[in-house]
Amino acid sequence: MTDQPAPDQRPGLLDHVGAWIDSAALALSPKWAASREHYRRVHAAYEAAKPSTLRKGRREAASGDGATLRAGRSLREQARHLEQNHDLARGALAVLVANIAGGHGIGIEPQPCNKDGTINLEVADQLRKLHRDWERKKPEVTGTFRWAGAQRLAARSWVRDGEFLYQDLIGNIQGLNHRSKVPYSIELIESDLLPFELNASGDPWITMGVERNAWGERVAYHLYKQHPGDWLAVNLWSIAPGSTGIRRVSADRMHLVGLFDRIRQCRGVSIFASVLTRLDDLKDYEESERIAAKVAASMAAYIKKGRPEEYASHKGEDSPHRALKFRPGMIFDDLLPGEEIGTIDTSRPNTNLAEHRNGQLRAVASGVNTSFSSLSKAYLGSYSSQRQELVETWNNYLVLQEEFTAQFVAPVYETFVAAALAAGLLRLPSTIDLDTLDDALYIGPQMPWIDPGKESQAWERLERNGHASGPEIIRRRGESPDDVLRQEHTWRQRWKQMAMVNAADPANNAAPIPHDNTPVNNND
């Protein structure tokens, strides 16, 4: 007895027709038959490649520059609008900036080396002092921000707008006051000054205001002389004789820092690009719920009438006007025959609002690389669950920190070292390796401590085993190693001057400080 195919596996009319077409195609054009078989297998393997009524199969075929040219300006302006008007968007932006640049900025620990590979402590100390003076003397050209504040402002523009520009200003420049010993300042520039509309092919090749060579390397930037959003400046351009309002700045001193998703992408895209519609919808939904709850809080009632004949005698022009006002514990004693008081019941506040909102916030947090707890300000769960969430999310922050450091912080420091050397402010011994003069350790904000006791013990063991240095630990806590060392030295000296014993001084402790799991003998 032979096996028979199941009823749903038996060939139908379409299968017979398809087989006949394949046979005819093979006889008439083997190439056509092979092409039919190839595409049949492709569609069988990748269902997503075949659009249907359930799956639209939306695609993006443009280059990175093409996609940015179409949507870059709109995405940037929507992100700014949400920052100004939506608390959740502003909160997400604050979380990103805090974990990219932090309160003290990305720390820089100079690491100049001698020719034998050892760190030259004398030169490192010179660089450290010069840089401390530079970062505290407000190196941004407007004199508004210290170095840490300039980093936070730059990081904010970077993630919100997708990009920003900065210019190196070294030496004597008319009208510019370098407030630090090193004659070097930076100018932060919003991406609005780099026009999306300025494009030209040939020589030079200009894409959205960026001039590039045949290899795609940035050669120069073509910027507006004033912010295009400044109404007065725009109108002055229109009446200035012979003025185009555009200036060309070489890429040697002008730099573009951007968030890039595609290879050879010229302009950056906002980190909020994939969640803008969700945030906008969530804002409208929450506003509607707030209005509905506000209306529901204004309790309303109505008088339900009975049969018409029960109160017909009270109709007419002489009927007195009644005003019934709600008050606590009131009794309605002047209802007419057939009347009763009814209240309008509402389902507000919506009991499902919090769950729906949290679901949307989880999606937003995933899109902008933040943690749900930080975005929603709901810190739930055990120590293990909170730490697991923090550990997984922190890798996203580290990626952003590294990219921000590589594109902005490190180049600025390298230019600072070159400016200090050109100004004759460094005394270099013959043993120094000039190639390592601008080497440094860059330390951004670190993962916060959930349990300080366990975290401090972990760092202590790493330092004792030689896996982490004291300066690194202090930097990771957002402090300056030199400042901490100087403060600690002064503090211990004051204790000695007053003939007091400082229990925190290791010299005064014969035995190591016990850990949490070590029993303590109170009789010792």
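Computed from a predicted structure; not experimentally measured.

This paragraph deals with the overall build of the protein. From N to C terminus, the protein includes 15 helices and eleven strands. Counting over 524 residues, the protein shows a buried share of 33%. Taking the intrachain contacts of the protein between residues at least 6 apart in sequence as the baseline, contacts between residues at least 24 apart amount to 69%. When the accessible surface of the protein is summed, it comes to about 33,100 Å², and 53% of that surface belongs to carbon and sulfur atoms.

As a further point, take the sheet that holds strand E3 (residues 184-189). One open sheet holds the three strands; their spatial order is E3-E2-E8, and the pairing between them is antiparallel. In this open sheet, the two edge strands, each paired with only one partner strand, are E3 and strand E8 (254-258). When the angles between neighbouring strand axes are averaged without regard to direction, this sheet yields 25°. This element, helix H12 (residues 383-422), spans strand E2 (163-170), E3 and E8 of the sheet and lies at about 5° to E2.

A few words on the sheet that holds strand E7 (residues 246-250). Strand order in this open sheet of four strands is E4-E5-E6-E7, and the pairing throughout is antiparallel. Edge positions in the sheet fall to strand E4 (205-207) and E7, since each of these pairs with one other strand and no more. Here the average twist between neighbouring strands, direction ignored, is 30°. Pairing between strand E6 (residues 218-224) and E7: five bridges, direction antiparallel. Looking across to E7, one finds that leucine 223 is bridged to arginine 247.

On to helix H6 (residues 147-161), then. The end-to-end C-alpha separation of H6 is 21 Å, in line with the 21 Å expected for 15 residues at 1.5 Å each. Phi turns positive one or two residues past the end of H6, at glycine 162, with a value near 90°.

Further remarks concern the pairing of E2. For E2, the buried fraction is high: seven of the eight residues fall into the buried class. Both E2 and E8 contribute to a ladder of five bridges, which runs antiparallel. Residue glutamine 167 lies in a different strand from E8, and its bridge partner there is methionine 254. Examined bridge by bridge, E2 and E3 share six bridges and lie antiparallel to one another. Counted as the bridge partner of isoleucine 170 is tyrosine 184 from E3.

This paragraph deals with the pairing of E6. Of all seven residues in E6, five are buried, a share of seventy percent or more. Looking at chain direction, strand E5 (residues 210-212) and E6 are connected through three bridges and run antiparallel. Each residue of the ladder has a partner; that of arginine 212, found in E6, is arginine 218.

As a further point, take the packing of aromatic side chains. Scanning all chains against the criterion turns up twelve aromatic pairs. Their ring planes at 75° and their centres at 5.0 Å tell us that tyrosine 166 and phenylalanine 408 sit as a pair that is edge-to-face. Separated by 242 residues along the polypeptide, tyrosine 166 in strand E2 and phenylalanine 408 in helix H12 bring together distant segments of the chain. Each of the two residues, tyrosine 166 as well as phenylalanine 408, counts as buried. In this arrangement the basic side chain of arginine 267 is found over the ring face of phenylalanine 196, its NZ or CZ atom lying 4.2 Å from the centre. A cation sits over an aromatic face here: arginine 362 above phenylalanine 372, 3.9 Å from the ring centre.

To continue, consider the nonpolar core. In terms of nonpolar packing, the biggest core is built from 59 residues, with Trp147, Trp158, Phe272, Phe404 and Phe408 touching the most fellow members. No other element matches H12, which puts 13 residues into this core. In this structure tryptophan 158 touches Ile100, Glu163, Phe164, Val257, Gly258, Leu259, Leu400, Glu403, Phe404 and Gln407, once residues within four positions along its chain are discounted. Of all hydrophobic cores here, the second largest spans 14 residues; its members include Leu194, Tyr221, Ala251 and Cys266.

As a further point, take unusual backbone geometry. Aspartate 203 connects to proline 204 through a cis peptide bond whose omega is 5°. When you line up the elements, proline 204 lands in the loop between E3 and E4. Phi at lysine 377 takes a positive value of approximately 60°, unusual for a residue other than glycine.

A separate point is H12. Remark: the principal bend of H12, roughly 50°, maps to threonine 405. Downstream of H12 by a residue or two, glycine 424 has a phi angle that is positive, lying close to 70°.

Do not read the predicted coordinates in detail wherever pLDDT is low. Mean pLDDT over the protein: 82, with 79% of residues reaching 70 or higher. With pLDDT under 50 throughout, residues 518-524 is counted as low confidence; its partners more than four residues away or in other chains account for one contact.

Take the packing of helix H3 (residues 64-85) against helix H4 (residues 87-100) next. At a minimum axis separation of 6 Å, H3 and H4 run at an interaxial angle of 100°. Viewed along their axes, H3 and H4 adopt a mutual orientation that is roughly perpendicular. Judged by residue contacts, Leu82, Glu83 and Asn85 of H3 engage Asp87, Ala89, Arg90 and Leu93 from H4.

Criteria and cut-off values
Residues numbered from 1 in each chain as written. Predicted model: local features only at pLDDT ≥ 70, side-chain atom pairs only at ≥ 80, totals over all residues. Heavy atoms only, no water. Helix = DSSP H or I, 4+ residues; strand = E, 2+ residues; numbered from the N terminus. Buried < 20%, exposed > 50% of the residue type's maximum accessible area, 1.4 Å probe, protein only. Contact = heavy atoms within 4.5 Å. Areas by Shrake-Rupley, 256 points an atom, 1.4 Å probe, with all protein chains shown as cover. Pairing = 2+ DSSP bridges. Axes fitted to C-alpha atoms, helices over the stretch in contact; angles between N-to-C directions. Expected span 1.5 Å × (residues − 1). Phe/Tyr/Trp six-rings, centres within 6.5 Å; stacked < 30°, edge-to-face > 60°. Lys NZ or Arg CZ within 6 Å of the ring centre and 35° of its normal. Core = buried A, V, L, I, M, F, W, Y, C linked by side-chain atoms within 4.5 Å. Bend = angle between axes of the 7 residues up to and from the residue. pLDDT = per-residue confidence, 0-100. Parallel < 35°, antiparallel > 145°, perpendicular 65-115°, else oblique.

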